Amino acid sequence: MIGIFTAICFELFHSLVEIAELLNIKKKNYLLPKILQMLEAYLVIDKISHNLIANSALSFLTIHDSFLYQLQDKELVNETLEMTI
């Protein structure tokens, strides 16, 4: 089962698989997940949250890669996400 899944992923995302394999060559340190986590933290905390705070008075929380906010602020949050990313 895993072999089929790996083959399909390689076929669809071969460049990403090759990059992951190159990053994980030494001691199987799995750098790609670490890099992706750092990118997520940078986007969510340093960019999107910063822009939400700078451009509005709304209250929100971040939970991993998600934002918790009041329904009335949905449009502002979506606009900020689109503008930032």
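Now for a quick tour of the structure.

Here is what the cut-offs are and how they apply
Residues numbered from 1 in each chain as written. Predicted model: local features only at pLDDT ≥ 70, side-chain atom pairs only at ≥ 80, totals over all residues. Heavy atoms only, no water. Helix = DSSP H or I, 4+ residues; strand = E, 2+ residues; numbered from the N terminus. Buried < 20%, exposed > 50% of the residue type's maximum accessible area, 1.4 Å probe, protein only. Contact = heavy atoms within 4.5 Å. Areas by Shrake-Rupley, 256 points an atom, 1.4 Å probe, with all protein chains shown as cover. Core = buried A, V, L, I, M, F, W, Y, C linked by side-chain atoms within 4.5 Å. Pairing = 2+ DSSP bridges. Axes fitted to C-alpha atoms, helices over the stretch in contact; angles between N-to-C directions. Parallel < 35°, antiparallel > 145°, perpendicular 65-115°, else oblique. Nonpolar A, V, L, I, M, F, W, Y, C, P; charged D, E, K, R; others polar. Phe/Tyr/Trp six-rings, centres within 6.5 Å; stacked < 30°, edge-to-face > 60°.

**Structural notes on the overall build of the protein chain**
Phase 1: Along the protein chain, the regular secondary structure elements total 4 helices and 2 strands.
Phase 2: Listing every helix and strand of the protein chain by position from the N terminus yields α-α-α-β-β-α.
Phase 3: When burial is assessed residue by residue, the protein chain has 18% of its 85 residues classed as buried.
Phase 4: In the protein chain, of all internal contacts separated by at least 6 residues, the share reaching a separation of at least 24 is 27%.
Phase 5: Carbon and sulfur atoms provide 65% of the accessible area of the protein chain, an area that totals close to 7100 Å².

**A short note on the nonpolar core**
Phase 1: The biggest cluster of nonpolar side chains holds 7 residues, and these are V44, I48, L52, L58, F60, F67 and V77.
Phase 2: For this core, the element with the highest residue contribution is helix α3 (residues 31-55), accounting for 3 residues.
Phase 3: When sequence neighbours within four positions are dropped, the list of residues in contact with F67 reads V44, I48, S49, L52, F60, L61, T62 and L81.

**Observations concerning the pairing of strand β1 (residues 60-63)**
Phase 1: Both β1 and strand β2 (residues 66-69) contribute to a ladder of 4 bridges, which runs antiparallel. Counterpart to T62 in the pairing with β2 is F67.
Phase 2: Between β1 and β2, which pair antiparallel and follow one another directly, the connecting turn spans 2 residues, one of which, H64, has a positive phi of 55°.

**Things to note about the packing of helix α2 (residues 14-23) against α3**
Phase 1: α3 packs onto α2 with a crossing angle of 110° between their chain directions and a minimal axis gap of 8 Å. Of the possible angle classes, the one that applies to α2 and α3 is roughly perpendicular. Contacts between α2 and α3 involve L16, A20 and L23 on the former and, on the latter, L31, L32 and I35.
Phase 2: For the contact of α2 with α3, the per-class residue count stands at 6 nonpolar, no polar and no charged.

**Structural notes on the packing of aromatic side chains**
Phase 1: If you walk through the whole model with that rule in mind, you get 1 aromatic pair.
Phase 2: On the numbers, 5.9 Å between centres and 55° between planes, the contact of F60 with F67 is tilted. Neither residue differs from the other here; F60 and F67 are each classed as buried.

**Focus: the environment of S66**
Phase 1: Looking at the element boundaries, S66 is found in strand β2.
Phase 2: S66 sits 22 residues away from V44 along the chain, and the two C-alpha atoms are 8.2 Å apart.

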